[in-house]
Amino acid sequence: MRQRVVVIGGGGTGAALAHDLTLRGLAVTVLERGELTSGTTGRHHGLLHSGGRYAMTDRQSAVECVQENRILRRIAPGSFENGGGLFVAVTDDDADQRDEFVDACAESGIPTRLLSRSAALDAEPGLSPDVRLAVQVPDATMDAMRLPLRFFATAQRGGAVLRPFTEAVTFVSNGRSITAVVARDHMAGRNVAVPADLVINAAGPWSGRVAAMAGAEVPIRPSPGVLVAVTGRWCTHVVNRLHKPGDGDIVLPQRGLSVVGTSSWTVDDPDEVRVSSEHVRAILREGMRLVPAVGAASMRAAWAAVRPLIGATGSDASGRTLSRTFRCFDHAADGGADNLITITGGKATTLRSMAEATADIACAKLGVTTPCRTRDAVLLPHTAYYTSAEVGA
Amino acid sequence: MNETTDGEAAIRVTVYRRRAGDTDPHYDDFDVPYRPGMTVLDILMSIRSHQDAELTFRHSCLHASCGTCGMRVNRRERLACVTPAGAPGDQVLIEPLAGAEVRSDLVVDMRPFYESLDAVGRPLLRGDEHNHDGHRLEDCIECSLCTSACPVTATDGRYAGPAVLAATERVLREPRGHDAAAVLERADREQGAWRCHLALECSQVCPAGVDPAGAIMRLRRDLLRRHLALHVHRARNGRRS
């Protein structure tokens, strides 16, 4: 019988894990308390990072991003708006960072092209007249829900069982080993027990709660950011501010909208996050410095997404200095359960590599030697998630 | 004015409920604490967090870009994430989209909708007038509000419906490798572009500016031209023979 892996969390990481583990021959069930991608994943701004955003401050994340950017374009053709990205200097201080930025990109493997003020304005007429110079990078944009759905669709076609609206509530254990996950099926209003040889906690900012079900701890810092969408597509590139990451320093096009992001702070409960009007105003004020039209456009939505950053409680209150890279925790080593792994941190662009690293650990624990195949397996279209579903199972 | 038991200003919400397997729906009332700027989706999340964890509804992006949180709010098709909840004392009725099978509460089965969209095969990306090298995502977010609002789909499940016809028109304008003639052929049927009654509800409720009704009218124009050209061709051939 195939060994059974239960993945808790139906976001991008859970999607990529379901796909990876299914390709390695395991029987995968994904439990998600709401709709798939309804936690953090679906709410992100849709940036496919070139890595440029982290090149100066977080080299490891930058390298992960540029590598995964290339892989995702190969395995998910037709999913990305290839408008490219610009890092734009709008002050002399920004312009002074040009060489450091270009060097950091080169060291991270991120290709760049330097644009003069006039070349930048030709390439992106939506830019502020204050622009001093710009550096072009291979940023792209995606649909934050539909890219993960392609992983889910492909996993489902391969036999993975996806259970949205099914919330993990307790573990059934035999000694230090979890044997099943008891979950509440909110659609039917009853509990189900899902047998498990291994459990992977991919609950993002909620992963602390899931780990606690096994008596384990993960150093997770739920770190919300506010995003604002305005009506109108006011730029065709992803427009980033050429400085160290801060509030309101990215504007990107998304269908008929422009999205401006973001702010960053830390909270204890990822379910209780309010969008403050101060954050919205600050983000638009900063966004206008890059693409002035977003300040005059009508607001479509303001919302918060909670990043699952890694850091001890009490560390950096803004979350800005916490790394965007990811970590796997094998709870056999920390007194939790012998067959529980937590994957957390990371970002949408690195969903596949996060899954690969986690699946490698999972397979080592289960004695499975099949190598990862997700670097080359082309994903089904997102519509296949719906059309290949066994509704009412 | 409604209040919660703690005396806070509240919005009275009536929500359609049906568990998977239940034959009949019922409605539940909730008093939800009011916050300035709150949306209908905020209301539903508040109910799930504080009053009833079993309430099921779909959502993802929170900014009208994914199309998952379509529902009927006070009997009108809306995306819950960008629909204001109203003011303290208001009453809000929340029901699932029409014309689709309810799986539970506000969650409807999207499979038939996606199967009909897949039959057209419109790609997710389109050309961009400003950037000919690149592509941008199609405007349609596949929310199916138009299908729910259309009075024809409400009475006749065989009708292709506004979303599918709008997708058809996009393939004609930009085939992107598709066989436009075959796609147009499918729209040239009684249950295709000709079935629309011009109620225009689809374009009224569309949250993404797609204008399905306009697309259906352009399809009819294309079809009429084709039929007329064929007619003229046959008439000329007839004269020669």
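Residues numbered from 1 in each chain as written. Chains lettered and ligands numbered in written order. Predicted model: local features only at pLDDT ≥ 70, side-chain atom pairs only at ≥ 80, totals over all residues.

Observations concerning the overall build of chain A
Here's step 1: For chain A, the count of helices and strands is 11 helices and 20 strands.
Here's step 2: Counting only C-alpha atoms, chain A reaches 65 × 40 × 40 Å along its principal axes.
Here's step 3: Counting all 393 residues of chain A, 61% fall into the buried class.
Here's step 4: Put simply, 74% of the contacts in chain A that link residues at least 6 apart link residues at least 24 apart. (Helix = DSSP H or I, 4+ residues; strand = E, 2+ residues; numbered from the N terminus. Buried ≥ 20, exposed ≤ 12 C-beta atoms within 10 Å, placed from the backbone. Contact = placed C-beta atoms within 7 Å.)

A short note on the overall build of chain B
Here's step 1: Summing up its helical and strand segments, chain B has eight helices and nine strands in all.
Here's step 2: Expressed as lengths along the three principal axes of its C-alpha atoms, the size of chain B is roughly 90 × 45 × 30 Å.
Here's step 3: A total of 241 residues make up chain B; the buried ones form 45% of that total.
Here's step 4: Across chain B, the fraction of contacts at a sequence separation of at least 24, relative to all contacts at a separation of at least 6, is 58%.

Topic: the environment of A:T350
All names here are of chain A.
Here's step 1: Among the secondary structure elements, T350 is positioned in the loop between β20 (340–345) and α10 (351–366).
Here's step 2: Placed 301 residues apart in sequence, T350 and H49 show a C-alpha to C-alpha distance of 8.9 Å.
Here's step 3: The residues touching T350, leaving out its near neighbours within four places in the chain, are E64, C65, E68 and F326.

With respect to the packing of helix α2 (residues 111–120) of chain B against helix α5 (residues 162–173) of chain B
The angle between the axes and the distance between the axes are what describe a pair of packed helices.
Residue and element names in this part refer to chain B.
Here's step 1: Their axes nearest at 9 Å, the elements α2 and α5 cross at an angle of 20°. As far as their axial angle goes, α5 and α2 are roughly parallel. Judged by the sense of rotation from one axis to the other, the crossing of α2 with α5 is right-handed. Every residue of α5 that contacts α2 at S116, L117 and V120 is listed here: A163, V164, A167, T168 and V171.
Here's step 2: Among the residues forming the contact of α2 with α5, the class breakdown is six nonpolar, two polar and no charged. (Axes fitted to C-alpha atoms, helices over the stretch in contact; angles between N-to-C directions. Parallel < 35°, antiparallel > 145°, perpendicular 65-115°, else oblique. Left-handed = near helix turned anticlockwise from the far one by under 90°. Nonpolar A, V, L, I, M, F, W, Y, C, P; charged D, E, K, R; others polar.)

Things to note about the domain arrangement of chain A
Residue and element names in this part refer to chain A.
Here's step 1: Each assigned domain of chain A is listed here: domain 1 (4–41 + 145–219 + 322–391) and domain 2 (47–142 + 221–310).
Here's step 2: The gap between the C-alpha centroids of domain 1 and domain 2 is 29 Å.
Here's step 3: Facing the 25 residues of domain 1 at the interface are 26 residues of domain 2.
Here's step 4: Within the residue set of the side of domain 1 that touches domain 2, elements represented by two or more residues are α6 (146–157), β20 and α10.
Here's step 5: Residue classes in the side of domain 1 that touches domain 2 are distributed as eight nonpolar, 10 polar and seven charged. (Domains from an automatic or database assignment.)

Let's talk about the sheet that holds strand β10 (residues 166–174) of chain A
All names here are of chain A.
Here's step 1: Read across the sheet, three strands follow the order β10-β11-β12 without closing on themselves; strand pairing throughout is antiparallel. Looking at which strands have only one partner, the edges of the open sheet turn out to be β10 and β12 (190–195). The average angle at which neighbouring strand axes cross in this sheet is 25°, direction not considered.
Here's step 2: In this sheet, β12 lies alongside strand β11 (residues 177–185) in antiparallel orientation, the contact comprising six bridges. Paired with D185 across the strands is R190, a residue of β12. (Pairing = 2+ DSSP bridges.)

Here we look at the sheet that holds strand β17 (residues 257–261) of chain A
Residues and elements named next belong to chain A.
Here's step 1: Read from one edge to the other, the open sheet built from eight strands follows the order β6-β7-β5-β15-β16-β17-β14-β18, with strand pairing classed as mixed. Bordering the open sheet on either side are β6 (113–116) and β18 (299–310), each of which pairs with just one other strand. Pairwise comparison of adjacent strand axes, ignoring direction, gives a mean angle of 25° for this sheet.
Here's step 2: The pairing of strand β14 (residues 220–231) with β18 spans 11 bridges and is classified as antiparallel. Within β18, the position partnered with V230 by the bridge is M299.

Some points on helix α4 (residues 98–108) of chain A
All names here are of chain A.
Here's step 1: The complete set of buried residues in α4 reads F101, V102, A104, C105 and S108. Here the buried residues of α4 occupy an arc of 160° about the axis, which is enough to place them on one side. The outward face of α4, more than 90 degrees from its buried face, is lined by the exposed residues D99, E100, A106 and E107.
Here's step 2: Buried-residue contacts for α4 involve α2 (59–75), β5 (85–89), β6 and β7 (133–137).
Here's step 3: Of the residues one or two after α4, G109 is the one with positive phi, at around 85°. (Arc of directions from axis to C-beta.)

Brief notes about the environment of A:A355
Residue and element names in this part refer to chain A.
Here's step 1: On the secondary structure map, A355 appears in helix α10.
Here's step 2: Here the alpha-carbon distance between A355 and T325, two residues 30 residues apart in the chain, equals 13 Å.
Here's step 3: Excluding residues that lie within four positions of it along the chain, A355 makes contacts with T13, A16, L17, D20 and T374.

Re unusual backbone geometry
Residue and element names in this part refer to chain A.
Here's step 1: Omega for the bond connecting G261 with T262 falls within 30 degrees of zero, at -10°, which places this linkage in the cis form.
Here's step 2: One non-glycine residue, T37, lies in positive phi territory at about 65°.
Here's step 3: Among the residues examined, T37 registers 29 C-beta atoms within 10 Å and is labelled buried.

A short note on α10(A)
Residue and element names in this part refer to chain A.
Here's step 1: Its 16 residues place the ends of α10 22 Å apart at the C-alpha level, agreeing with the 22 Å of an ideal helix rising 1.5 Å per residue.
Here's step 2: Inspection of α10 places L351, R352, S353, M354, A355, E356, T358, A359, A362 and C363 among the buried residues, and these make up the whole buried set.
Here's step 3: Just beyond α10, the residue with positive phi is G367, at close to 75°. (Expected span 1.5 Å × (residues − 1).)

Details of the interface of chain A and chain B
Here's step 1: Opposite the 34 residues of chain A that make contact, chain B presents 40 residues.
Here's step 2: Elements with a contribution of two residues or more to the side of chain A that touches chain B: β18 and α11 (383–387) of chain A.
Here's step 3: Residue classes in the side of chain A that touches chain B are distributed as 12 nonpolar, 14 polar and eight charged.

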